[in-house]
Amino acid sequence: MNMKHTPELEALITQVLADYQRPEDLIGNTGLLAQLTQKLIERVMDVELTSHLGHERHGTVTHPSGNTRNGRSKKTLKGEFGEVPIEVPRDRQGTFEPLIVPKHQTHWHGFDDKILSLYTRGLSVRDIQAHLLEMYGTEVSPSLISAVTDAVMEEVKQWQSRPLDPVYPILYLDCIYVKVRDGSVRSKAVYLAIGVNMAGEKEVLGLWLAQTEGAKFWLQVVSELRNRGIKDILIACVDGLKGFPEAIESVFPQTIVQLCIVHMVRHSLKYVSWKRRKEVAADLKQIYQSATVEEAERRLGEFEEKWDREYPPISLSWRRNWSRLIPFFDFPPEIRKVIYTTNAIESVNMSLRKLAKTRGFFPNDDALIKLFYLGLRNISQKWTMPIKDWKPALSQFTIRFGDRIHHGEA
């Protein structure tokens, strides 16, 4: 909180602490800290209820429905301060929901969760400060807000080094470009790895801010994944990231690298006018939905005849990347479906881009990593189900990859 350290304040602190000789007098269940916490929470809830009703205690009732205060209910909170009994103000109609300690919540962590929640939405320190002042009538210092968000970096380090499963049937890898002030504002690449585990559940494996380009960087990333416990990746689905295929094949030589079809199509359509996009997309679909690689090559030839005069870069790009596209055709429809479904990573990227857009640019690398980590933490909490059509896909993986799959089940 923002308070000036005056002689008067120093004298008051000395006077208050004079009655507290032992540590438990300060930090015990009935100590000074618990009492102050109780008073703070109860005062904030009173402010919230006044805001909800629109009038002060004993003031003129202004709520359209005539809603008023209706006594208090008792509740015990647990937190860093131990256990504290508090009295929660009620309203007659039962519509009041305290924000500082929501209904049914018995654990309290001060303003930390509120600060992180606002930070995760892309609010600046100044915006968070203003929001807390408006909501709770409490001025929270920028240094407290920074301390709370800085503490996230320790959590990031633990998350980024946590052990991983031995086998991931699918790994998606993608890149987002964001603006960071590094002397001057410039674009930086943030790489994201999402694995699909043996249960068909999505899992963010890691987040990397590229300091260098190409194979050396990717070798570090892939080696890190191996050191964290991954023994095998069956299929790595990537967006043509320079140096990545060579890096993953040097660490996981059996992994099949598949260029992401969705990214290929999207890249191709950049050359096409809005009027023709639907038609070009339909013809590209004929290529990647072919039953065999021979049929796909024939369809690509037909595409060239039809579109090369208007859009020559498209077929050139598909021809250049053909060796990384054709592994797709070796798989049965069940596996193709889960490789092609890049919703796993697309929805994540969309959410992260929204966060980045809210900020405009980041003051430094740590600010970027903190915000993206918190964003990913929120997104992954919603992943409670396996990806669509996982069971038939797993059955085909077992037939195709045999012993390699069983290592993941052990």
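On a predicted model such as this, the values are computed, not experimentally measured, just so you know.

A. Quick look at the overall build of the chain. Along its length, the chain carries 19 helices and seven strands. Here the chain holds 410 residues, and the buried ones make up 46% of them. Once local pairs closer than 6 in sequence are excluded, the contacts in the chain between residues at least 24 apart make up 62%. Only carbon and sulfur atoms are counted for the fraction: they give 53% of the accessible area of the chain, which is about 22300 Å².

B. Representation of the packing of aromatic side chains in the model. Taken as a whole and assessed by the stated rule, the structure comprises 11 aromatic pairs. Here Phe-328 and Phe-329 contribute two aromatic rings whose centre-to-centre distance is 5.8 Å and whose plane-to-plane angle is 90°, an arrangement assigned as edge-to-face. Pair check on accessibility: Phe-328 and Phe-329 agree, each one buried. Ring geometry for Trp-390 against Phe-397: centres 5.9 Å apart, planes inclined by 40°, an arrangement best described as tilted.

C. Representation of the sheet that holds strand β5 (residues 202–209) within the structure. Spatially, the five strands line up as an open sheet ordered β5-β4-β3-β6-β7, and their pairing is mixed. Because the sheet does not close on itself, it has two edges, and the strands there are β5 and β7 (256–259). Strand-to-strand twist in this sheet, taken as the mean axis angle between neighbours without regard to direction, amounts to 25°. In the sheet, strand β3 (residues 167–182) pairs with strand β6 (residues 232–238) via six bridges, with the strands oriented parallel. Within β6, the position partnered with Tyr-168 by the bridge is Ile-233. Across the face of the sheet, helix α8 (residues 215–227) comes into contact with β3, β4 (184–196) and β5 while running at roughly 140° to β5.

D. How the structure looks around the pattern of salt bridges. Within this structure, the stated rule accounts for 16 salt bridges. Two residues, Asp-365 and Lys-188, come together in a salt bridge whose shortest N-O distance is 2.8 Å. Residue Asp-365 is found in helix α17 (residues 365–380), and its partner Lys-188 is found in strand β4; the two are separated by 177 residues along the sequence. For Lys-188, a relative accessible area of 5% puts it in the buried group. Here the residues in one salt-bridge network are Arg-276, Glu-279, Asp-283, Lys-306 and Glu-310, joined through shared partners.

E. Local environment of the nonpolar core. Among the nonpolar cores identified, the biggest contains 106 residues, and Trp-318 and Phe-397 are the most heavily contacted of them. No other element matches the 10 residues that β3 contributes to this core. Sequence-distant contacts of Trp-318, that is, excluding residues within four places in its chain, are made with Met-264, Val-265, Ser-268, Leu-284, Ile-287, Tyr-288, Leu-300 and Leu-325. Counting residues in each nonpolar core, the second largest holds 10 residues, with Leu-77, Val-88, Ile-100 and Val-101 among its members.

F. Main features of the side chain of Asn-197. Structurally, the position occupied by Asn-197 is in the loop between β4 and β5. Of note is the side chain of Asn-197, whose polar atom sits 3.0 Å from the backbone nitrogen of Ala-199. Non-local contacts of Asn-197, meaning those with residues more than four positions away in its chain, are made with Asp-165, Tyr-168, Pro-169, Glu-203 and Trp-390.

G. Molecular detail of α8. The end-to-end C-alpha distance of α8 is 18 Å, a good match for the 18 Å that 13 residues give at a rise of 1.5 Å each. Considered for burial, the residues of α8 that qualify are Phe-217, Trp-218, Val-221, Val-222, Ser-223 and Leu-225. Tucked into the core, α8 has its buried residues touching β3, β4, β5 and α9 (244–251). With its phi angle positive at about 120°, Gly-229 sits one or two positions after the end of α8.

H. A look at the packing of α8 against α9. At a minimum axis separation of 8 Å, α8 and α9 run at an interaxial angle of 35°. The handedness of the crossing between α8 and α9 comes out as right-handed. Counted together, Ala-215, Trp-218, Leu-219, Val-222, Ser-223 and Arg-226 of α8 and Phe-244, Ala-247, Ile-248, Ser-250 and Val-251 of α9 form the full contact between these two elements. Residues of the contact of α8 with α9, tallied by class, amount to eight nonpolar, two polar and one charged.

I. Quick look at the environment of Val-280. Note that Val-280 resides in helix α11 (residues 277–288). For Val-280, the contacting residues outside a window of four places in its chain are Leu-269, Val-272, Phe-303, Trp-307, Tyr-311 and Ile-314.

J. Quick peek at the state of the cysteines. Summed over all chains, the structure comprises zero disulfides. Of the cysteine sulfurs around Cys-237, a residue in no disulfide, the closest is that of Cys-260, at 4.6 Å. Of the residues examined, Cys-237 reaches a relative accessible area of 3% and is grouped as buried.

Parameters and conventions
- Residues numbered from 1 in each chain as written.
- Predicted model: local features only at pLDDT ≥ 70, side-chain atom pairs only at ≥ 80, totals over all residues.
- Heavy atoms only, no water.
- Helix = DSSP H or I, 4+ residues; strand = E, 2+ residues; numbered from the N terminus.
- Buried < 20%, exposed > 50% of the residue type's maximum accessible area, 1.4 Å probe, protein only.
- Contact = heavy atoms within 4.5 Å.
- Areas by Shrake-Rupley, 256 points an atom, 1.4 Å probe, with all protein chains shown as cover.
- Phe/Tyr/Trp six-rings, centres within 6.5 Å; stacked < 30°, edge-to-face > 60°.
- Pairing = 2+ DSSP bridges.
- Axes fitted to C-alpha atoms, helices over the stretch in contact; angles between N-to-C directions.
- Salt bridge = Lys/Arg side-chain N within 4 Å of Asp/Glu carboxyl O.
- Core = buried A, V, L, I, M, F, W, Y, C linked by side-chain atoms within 4.5 Å.
- Polar contact = N/O pair within 3.5 Å; in protein donor to acceptor, adjacent residues only side chain to side chain.
- Expected span 1.5 Å × (residues − 1).
- Left-handed = near helix turned anticlockwise from the far one by under 90°.
- Nonpolar A, V, L, I, M, F, W, Y, C, P; charged D, E, K, R; others polar.
- Disulfide = S-S within 2.5 Å.

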